[in-house]
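The residues making up each chain are set out below.
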Amino acid sequence: MKKPVYLDYAATTPVDPAVAEEMIKYLTPDGFFGNPASRSHGFGWQAEAAVEAARGQVASLIHADPREIVWTSGATESDNLAIKGAVAGRDKAHIITSVIEHKAVVDTCKWLEARGVEVTWLEPGSDGVIQPQQVFDALKPETILVSLMLVNNELGCVTDISTIGAELRARGVLFHVDAAQAAGKIAVDVATMPVDLMSLSGHKVYGPKGVGALYVRRSPDVRIEAQIHGGGHERGMRSGTLPTHQVVGMGKAFAISELGLVDEIRKLEALRAEFLGGLEGLSGVSLNGSETCRVPGIMNLSFEGVDAESLMLGLRQLAVSSGSACASATIEPSYVLRGIGLSEELAHRALRFSIGRFTTSEEIAFASAQIVDVVTRLRAVR
Ligand SMILES: *Cc1c(COP(=O)(O)O)cnc(C)c1O
């Protein structure tokens, strides 16, 4: 069978071949395999130099100082470190987040909530956007942290981080932003965005899985407590021997993204238009989430009269995501779609199509024709 067309870039991206080529240099006996923390020989120094160069590349994409980048195992760990690390040691704490955050934030906040931290769960409008005023209205004297994502991974909608951050800064409340789906997709600039902590992931940006970073602002100085203790690496915030090849891969991936960002956005906008254009002949298709405030690469669509499970079965030649978590035997509709007020029925009819760097016009034409065909067929046999 022909390989399916990959339309699940929001779940993960393939590693850019230029990234893989760079990574292999840091693994083998003839390469720079040393422990970056080894101070007594050149193997260590070379690995350390590579780690620091990569730190600079990741910092550069978001306009941070390299000293503000802490390496982690991925955005999940970054989210945990940011939120638990900010709350640690406070006896009375209130945090604000939303019901459509990634599970890495939702479950971390629930874990804290079960341990006595007060959590306010904001609900977005039907467009999937949290309004700044909602955040301001939820602030209390005990509020120490607000955690909101920059780009939602299921809907692609974008949060107004700048407006929210400016007010939080004035009130002395920490602001954590999960930017795993934003880096490399839209301009992210911590020099102008008043954000204190920002989670990043390697594998959403054509880097390897298993590596990420947490941006921790230096001015004004942000203090978080380590969640993993050991050799005191990463200025005491995250211990553990750094995976040089992973770190170098993430650095290279971020450098490639920075260089090509404007062209990539333009390309994805064009492919998006081709994809949606290809579905125009089909009635009863609705886009979930904001039409205007979004990234081009993520399209969450509901198909009237067709449930996502049957549609996915029909679309075996496309690799897409239903947004539903198939935990146990029952298929739960996406909590994000429920979070924007979609009925259970409509949430069951949604599929997420996400495109990226290696998506071609031919694949888009094939995909949209397949969808039209399968939806039409499924509706005919209803
Ligand atoms: C993928 C993703 C994560 C988790 O990142 P990992 O690096 O896979 O741990 C967190 N937040 C968002 C918004 C994501 O899309």
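All of these numbers come straight from a predicted model, not from anything done at the bench.

Scoring rules and cut-offs
Per chain, the residues get numbers from 1 upward, laid out in the order the sequence is written. Per-residue local features are limited, in this predicted model, to residues with pLDDT of at least 70; the limit for side-chain atom pairs, both in listing and counting, is 80 or more; totals at the level of whole chains, interfaces and linings are taken over all residues. Excluding hydrogens and water, the side-chain figures rest on all heavy atoms present in the structure. Being paired, for any two strands, means DSSP has found at least two bridges between them. Per the convention used, a helix needs a DSSP run of H or I reaching at least four residues, while a strand needs a run of E reaching at least two, with both numbered from the N terminus. Lines fitted to C-alpha atoms define the axes here, with helix axes fitted over just the stretch in contact, and angles between the N-to-C directions of these axes take values from 0 to 180 degrees. Whether two residues are in contact is decided by their heavy atoms, any of which lying within 4.5 Å being enough. A molecule or strand has a residue near it when one of that residue's heavy atoms lies within 4 Å. Pairs of N or O atoms within 3.5 Å make up the polar contacts considered here, provided that, within protein, one atom can donate a hydrogen while the other can accept it, and that residues adjacent in sequence are counted only when both atoms are side-chain atoms. Using the Shrake-Rupley algorithm and a 1.4 Å probe, accessible areas are obtained, with residue cover drawn only from the displayed protein chains. Gly falls in the polar group here, along with every residue not listed as nonpolar (Ala, Val, Leu, Ile, Met, Phe, Trp, Tyr, Cys, Pro) or charged (Asp, Glu, Lys, Arg). Only protein atoms enter the calculation, which uses a 1 Å grid: trapped sets of points that fit a 1.4 Å probe without letting it out are cavities, open sets showing protein on both sides within 12 Å along at least five of seven lines are pockets, and any residue with an atom within 4 Å of a point is a lining residue. Grid points are joined across faces, edges and corners, and a volume is the space filled by probe spheres set on the points. Here the bounds of each domain stem from an automatic or database domain assignment. Note on aromatic contacts: the rings of Phe and Tyr and the six-membered ring of Trp form a pair at centre separations within 6.5 Å, being stacked when their planes are under 30 degrees apart, edge-to-face when over 60 apart, and tilted otherwise. To sort residues, take the accessible area from a 1.4 Å probe on protein chains only and compare it with the maximum for the residue type: under 20% means buried, over 50% means exposed, and anything in between is partly exposed. Throughout this description, the term nonpolar core refers to a set of buried Ala, Val, Leu, Ile, Met, Phe, Trp, Tyr and Cys residues connected via side-chain atoms within 4.5 Å. Here the buried area means the combined drop in accessible surface, using a 1.4 Å probe, for two parts upon being joined, counting both sides. Salt bridges, as used here, are contacts in which a Lys or Arg side-chain nitrogen is within 4 Å of a carboxyl oxygen on Asp or Glu.

Sheet strands associate in pairs through backbone hydrogen bonding, adopting either a parallel or an antiparallel arrangement. In spatial order, the strands read β2-β8-β7-β6-β5-β3-β4; together these seven strands make up an open sheet with mixed pairing. One side of each edge strand has no neighbouring strand; the edge strands of this open sheet are β2 (69-72) and β4 (118-122). With strand direction ignored, the average angle separating the axes of adjacent strands in the sheet is 20°. The sheet strands contacting helix α6 (residues 161-171) are β5 (143-149) and β6 (174-178), and the helix crosses β6 at an angle near 160°.

This next bit is on the site of the ligand. Near the ligand there are 13 residues, and of these Thr76, Asp178, Ser201, His203 and Lys204 occur at the shortest range. Interatomic distance of 2.6 Å between a side-chain N/O atom of Thr76 and an oxygen atom of the ligand. One of the side-chain nitrogen or oxygen atoms of Ser201 is found 2.7 Å away from an oxygen atom of the ligand. Within the complex, the protein chains bury 88% of what would otherwise be the 380 Å² of accessible surface of the ligand. By residue number, the principal contributor to the shell around the ligand is helix α3 (residues 75-87), which donates three residues. Classifying every residue of the shell around the ligand by side-chain character gives three nonpolar, seven polar and three charged.

Taken as a whole and assessed by the stated rule, the structure comprises three cavities of 30 Å³ or more. In this structure, the largest cavity spans a volume of roughly 80 Å³. Residue lining of the largest cavity: Tyr9, Thr13, Ala183, Gly184, Lys185, Lys204, Val205, Tyr206, Glu264, Leu268, Ile355 and Gly356, and that is the complete set. Residue classes in the lining of the largest cavity are distributed as six nonpolar, three polar and three charged. For the lining of the largest cavity, the domains that each give at least three residues are domain 1 (5-12 + 262-380) and domain 2 (17-256). For the second largest cavity, the calculated volume is near 60 Å³. Lining the second largest cavity are Ile100, Glu101, Gly128, Val129, Ile130, Leu148, Met149, Val151, Asn152, Cys157 and Thr159.

The next point concerns the sheet that holds strand β12 (residues 350-354). Strand order across the open sheet formed by three strands is β9-β10-β12, with antiparallel pairing between neighbours. At either end of the open sheet lies a strand with only one pairing partner, and these are β9 (285-287) and β12. Each neighbouring strand pair of the sheet contributes to a mean axis angle of 30°, computed without reference to strand direction. Bridge count for β9 against strand β10 (residues 298-303) is three bridges, and the pairing is antiparallel. Opposite Ser286, over in β10, you have Ser302 as the bridge partner. Most of the contacts of helix α7 (residues 244-278) go to β10, to which it runs at about 10°, and overall it touches β9, β10 and β12.

This next bit is on the packing of aromatic side chains. Under the defined criterion, the tally for this structure stands at seven aromatic pairs. When the ring of Tyr26 is compared with that of Phe32, the centres are 5.5 Å apart and the planes differ by 40°; the resulting orientation is tilted. Owing to a relative accessible area of 35%, Phe32 belongs among the partly exposed residues under this scheme. With a centroid separation of 5.7 Å and an interplanar angle of 85°, the aromatic rings of Tyr206 and Phe358 are classed as edge-to-face. Of this pair, Tyr206 sits in the loop between β7 (197-201) and β8 (212-216) while Phe358 sits in the loop between β12 and α11 (361-380); the two residues are 152 residues apart in sequence, bridging distant segments of the chain. Overall, the relative accessible area of 6% leaves Tyr206 in the buried class. The class of Phe358 is partly exposed, set by a relative accessible area of 33%. Site record: aromatic cluster; members linked through ring pairs are Tyr6, Tyr9, Tyr206 and Phe358.

For soluble globular proteins, nonpolar side chains are generally found buried alongside one another. Counting 48 residues, the largest nonpolar core has Trp71, Leu150, Met198 and Leu200 as the members making the most contacts within it. With five residues, the single largest contributor to this core is helix α2 (residues 42-61). Lining this core are residues from two domains, each supplying at least three of them: domain 1 (5-12 + 262-380) and domain 2 (17-256). If near-sequence neighbours (up to four positions away) are discounted, Leu200 is found in contact with Val58, Ile62, Gly74, Ala75, Ser78, Ala179, Ala183, Gly212, Ala213, Met250 and Phe254. The next biggest cluster of nonpolar side chains, apart from the first, holds 24 residues, and it includes Phe275, Leu315, Leu318 and Ile364.

A few words now on the domain arrangement of the protein. Size of an interface, as often reported, equals the accessible area lost when the parts are brought together. Domains assigned within the protein are domain 1 (5-12 + 262-380) and domain 2 (17-256). Relative placement of domain 1 and domain 2: their C-alpha centres are 28 Å apart. Facing 25 residues of domain 1, the contacting portion of domain 2 comprises 30 residues. Between domain 1 and domain 2 lies a buried interface of about 2300 Å² when both sides are counted; carbon and sulfur atoms form 58% of it. The largest share of the area that domain 1 buries against domain 2 comes from Val295, Tyr335 and Ile340, three residues that together contribute 25% of it. In this structure, the connection of domain 1 to domain 2 is made through zero salt bridges. Of all the secondary structure elements, the ones that give two or more residues to the side of domain 1 that touches domain 2 are α7, β10 and α9 (335-339). For the side of domain 1 that touches domain 2, the leading source of residues is α9, giving four residues.

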